[in-house]
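Structure assessment
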Protein chains: 2
Amino acid sequence: MAAGNGKPLGIIAGGGTAPLLVADAAIRAGRPVFVVGIGGEANPDIAAYPHEVLKWGQIGRMQSLFAKHRVTEIVLIGNIRVRPDFSKFKLDLGAIRIMPKVLGMLANGDNDLLSGVVKLLGELGYTVVGAHEIAPELVASVGLLGRRAPDKAAGTDIDKAMSAARAIGVIDAGQAAVVINGRVAALEAAEGTDQMLDRVARLREAGRLKWSGRAGILAKCAKPQQDLRVDMPTIGPKTVKAAAEIGLAGIAVEAGRVMIVERPEVIALADRSDVFIVGVAGNQGTRG
Amino acid sequence: MAAGNGKPLGIIAGGGTAPLLVADAAIRAGRPVFVVGIGGEANPDIAAYPHEVLKWGQIGRMQSLFAKHRVTEIVLIGNIRVRPDFSKFKLDLGAIRIMPKVLGMLANGDNDLLSGVVKLLGELGYTVVGAHEIAPELVASVGLLGRRAPDKAAGTDIDKAMSAARAIGVIDAGQAAVVINGRVAALEAAEGTDQMLDRVARLREAGRLKWSGRAGILAKCAKPQQDLRVDMPTIGPKTVKAAAEIGLAGIAVEAGRVMIVERPEVIALADRSDVFIVGVAGNQGTRG
């Protein structure tokens, strides 16, 4: 584990409150932090920590800031709402210097942005650590997250939905599945969890999925091969809202491998809408 | 196998040409046939065989017709466009007589229409056989169905798509998967194959799935537990049209366990739109 060793921690921060939680947890563990906020994304509250806001492509500036603060370990955390448009990058000298490596990576067909960024930071001499290694409270643990608990019928759906979510992870397709009264209603692939939930809503509206009262489970798991340091599955207020609107009974997440974004809001929403959230022990080893 | 034993064969016929193909195959094998056409669904060409058109619920009439023609073995085959509305059934005496059994089945939570019908026909003393046991030519065999053949890149996608389709069958979720250049783009569950293909089209339009030229595979398999006598997965002209419009390279089906509906039209469409169709040997035992 990387926490508690007194080493400075660099935080590359997208939006939301997760970067702040990571900074607080690091400071609690006696580590100085330096936050590089991503322009247009980072929460203004990073101002409470040593920080600077940079634009995409200011890699040389990032390197000199991290060097100045003796940062060699980095966490990447927070939402990115606007996918960066590489053609509009303002490349500084540091960025231009690593361009041959970037082009080499692209030529090798490495088209997964996140794993590319991790590799690149590695090439620049940084170690990327997972936000959950610094702030384990970001991640679901085993047990209930709100007031409501699953009944016995929901328990059967939880097992089946978790199995389904794991099965599609094994084939590298997706992270989430919906099971309603024993029937697999939806499996996630390229469309993502939000659109999958939207599909379940429309199937119910069209009368192709029928149930009464609250029933059914959204399950979410990490894929076995997922790099949890930078690409952990998440649920957040939007997920809970969607589950409640569809009429699902609850949400099951793989404990230790799924991040709860905006946890207080998630819990408040779940309690208010009578949706339960439960962390279930996975059979996957943890990583990182 | 049920073919060639000279026993009369009853055919309960929905729409399309498949019931006619089954009747022809039975006659070729020396079996008399009697066709019960489902009103509003059956192809008028069943008039070429001993037949009668019945409404849903005329179970007593069906029984006396089958008794008169000494039918004890039945095939259920053909499209049902309009799902029967049980509340509008004209129940004849035979239907009323079996109502206690129907109600018992419903009370037991047996809400799968087809397996219910099979069970009911069994209770009435009939043996239900698969259309593919009478007319094996309805089913995909190993190899190419049209002119176009997969190239090497498509071969990799075929393997991955077939694995994905099998994996979701094992969890009883669905029959079909789409893999494009190594990535699982979509997995079928309650929405069905047509809506899943529609989703892939929309993800491509939205720029969330990108590829150039024709690429990607729709794979379709039977679930391990599927009752192939009455519920065989199918592909038909609509499937080929959708695959062509999306820009997929081809369609892979599990040989021996997927029915090709309207085969001549399927092949003509595939050839015209440069989509290949290939039957791939499954690792599932055949059933029935």
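Bear in mind that the values here come from a model prediction, so they are computed numbers and not experimental data.

Residues and elements named next belong to chain A. Scanning all chains against the criterion turns up four aromatic pairs over all chains. Relative to Tyr 126, the ring of Phe 66 lies with its centre 5.7 Å away and its plane at 75°, an arrangement referred to as edge-to-face. With Phe 66 in helix H2 (residues 59-68) and Tyr 126 in the loop between helix H4 (113-123) and strand S5 (127-128), the pair connects residues that are 60 residues apart, well separated along the chain. Judged by its relative accessible area of 0%, Phe 66 falls in the buried class. In textbook terms, an aromatic cluster arises when at least three aromatic residues are bridged by ring pairs, as seen for Phe 34, Phe 66 and Tyr 126. The ring of Trp 211 has Arg 204 sitting right over it, with the charged end atom 3.8 Å from the ring centre.

Mapping chain B onto chain A is achieved by rotating through 180° and translating by 0.0 Å along the same axis, at an RMSD of 0.1 Å. Read as a symmetry element, the transformation amounts to a two-fold axis. For chain B, the residue whose C-alpha comes nearest the rotation axis is Leu 187 of chain B, separated from it by 3.0 Å. Mapped onto chain A, 100% of the interface residues of chain B are again interface residues, and the two copies thus contact each other with one and the same surface.

All names here are of chain B. As summarised here, the arrangement of the five strands in space is S3-S2-S1-S4-S5, forming an open sheet in which the pairing is parallel. With partners counted over all chains shown, the strands left at the sheet margins are strand S3 (51-54) and strand S5 (127-128), one partner each. Sheet analysis places strand S1 (residues 9-13) next to strand S4 (residues 73-77), joined by five bridges and oriented parallel. Bridging across to S4, Ile 12 finds its partner in Leu 76. Across the sheet, helix H2 (residues 59-68) lies against S1, strand S2 (33-38), S3 and S4, angled at about 175° from S3, the strand it touches most.

Let us look at the packing of helix H8 (residues 237-246) of chain B against helix H9 (residues 263-272) of chain B. Residue and element names in this part refer to chain B. Running from N to C, H8 and H9 point in directions that differ by 10°, and their axes come no closer than 8 Å. In this view, H8 runs roughly parallel relative to H9, as classed from their interaxial angle. Between H8 and H9, the residues in contact are Pro 237, Val 240 and Lys 241 and Glu 265, Val 266, Leu 269 and Ala 270, respectively.

What follows is about the sheet that holds strand S13 (residues 276-280) of chain A. All names here are of chain A. Pairing within the open sheet is mixed, and its six strands lie in the order S6-S13-S11-S9-S7-S8. Of all strands in the sheet, those with a lone pairing partner are strand S6 (143-144) and strand S8 (183-187), marking the two edges. Bridge count between strand S11 (residues 250-254) and S13: five bridges; the pairing is parallel. Bridge pairing in S13 links Glu 254 to Val 280. Contacts from helix H7 (residues 192-205) reach strand S7 (176-180), S8 and strand S9 (217-220) within the one sheet, and its direction differs from that of S7 by about 20°.

On the surface, Leu 91, Leu 93 and Ile 96 of chain A cluster together into a nonpolar patch covering about 290 Å² of accessible area. Relative to the helices and strands, Leu 91 of chain A is located in the loop between strand S4 (73-77) and helix H3 (93-107).

Turning to the interface of chain B and chain A, a few remarks are in order. Where interface size is given, it is often the accessible area lost as the parts come together that is meant. Tallying the contact residues gives 22 residues for chain B and 22 residues for chain A. When chain B packs against chain A, close to 1700 Å² is buried across both sides, 57% of that on carbon and sulfur atoms. It is Ile 171, Leu 187 and Ala 190 of chain B that lose the most area in chain B upon contact with chain A, and together they represent 31% of the buried surface on that side. Taking the shortest distance from any N to any O, the salt bridge between Glu 191 of chain A and Arg 199 of chain B comes out at 3.7 Å. Here chain B is connected to chain A by six residue pairs in polar contact (both at pLDDT 80 or more). Contributions of two or more residues to the side of chain B that touches chain A are made by helix H6 (152-170), strand S8 (183-187) and helix H7 (192-205) of chain B. Counting residues per element, the side of chain B that touches chain A draws most heavily on S8 of chain B, which supplies five residues. When the residues that make up the side of chain B that touches chain A are grouped by side-chain class, the tally is 13 nonpolar, two polar and seven charged.

With that settled, consider the side chain of Asp 271 of chain A. Residues and elements named next belong to chain A. Relative to the helices and strands, Asp 271 is located in helix H9 (residues 263-272). According to the relative accessible area criterion, Asp 271 is buried, its value standing at 16%. Not counting chain neighbours up to four residues away, the residues in contact with Asp 271 comprise Gly 146, Arg 147 and Arg 148.

Residue and element names in this part refer to chain A. The share of residues in chain A with pLDDT of 70 or more is 90%, and the mean pLDDT across the chain is 90. In this model, residues 284-288 is a region of pLDDT below 50 whose contacts with residues beyond four sequence positions or in other chains number 13 contacts. The ipTM value of the predicted complex is 0.83, and its pTM value is 0.86.

On to the pattern of salt bridges. All chains considered together, the criterion is met by 26 salt bridges over all chains. The residue Glu 137 of chain A makes a salt bridge to Arg 28 of chain A at a minimum N-O spacing of 3.0 Å. Linking Glu 137 of chain A in the loop between helix H5 (131-134) and S6 with Arg 28 of chain A in helix H1 (residues 18-28), this pair joins segments that are 109 residues apart in sequence. Under the relative-accessibility criterion, Glu 137 of chain A is labelled partly exposed at 35%. Of the charged contacts, one joins Lys 7 of chain B and Glu 73 of chain B as a salt bridge, the two residues approaching to 3.5 Å between their closest N and O atoms. Linking Lys 7 of chain B in the segment before S1 with Glu 73 of chain B in strand S4, this pair joins segments that are 66 residues apart in sequence. Through salt bridges with shared partners, a single network forms among Glu 191 and Arg 199 of chain A together with Glu 191 and Arg 199 of chain B.

What counts as what
Residues numbered from 1 in each chain as written. Chains lettered and ligands numbered in written order. Predicted model: local features only at pLDDT ≥ 70, side-chain atom pairs only at ≥ 80, totals over all residues. Heavy atoms only, no water. Phe/Tyr/Trp six-rings, centres within 6.5 Å; stacked < 30°, edge-to-face > 60°. Helix = DSSP H or I, 4+ residues; strand = E, 2+ residues; numbered from the N terminus. Buried < 20%, exposed > 50% of the residue type's maximum accessible area, 1.4 Å probe, protein only. Lys NZ or Arg CZ within 6 Å of the ring centre and 35° of its normal. Least-squares fit on C-alpha atoms with pLDDT ≥ 70 in both. Contact = heavy atoms within 4.5 Å. Pairing = 2+ DSSP bridges. Axes fitted to C-alpha atoms, helices over the stretch in contact; angles between N-to-C directions. Parallel < 35°, antiparallel > 145°, perpendicular 65-115°, else oblique. Patch = residues over 30% accessible without salt bridge, like charges linked within 9 Å, V, L, I, M, F, W, Y side chains within 5 Å. Areas by Shrake-Rupley, 256 points an atom, 1.4 Å probe, with all protein chains shown as cover. Salt bridge = Lys/Arg side-chain N within 4 Å of Asp/Glu carboxyl O. Buried area = accessible area lost by both parts, 1.4 Å probe. Polar contact = N/O pair within 3.5 Å; in protein donor to acceptor, adjacent residues only side chain to side chain. Nonpolar A, V, L, I, M, F, W, Y, C, P; charged D, E, K, R; others polar. pLDDT = per-residue confidence, 0-100.

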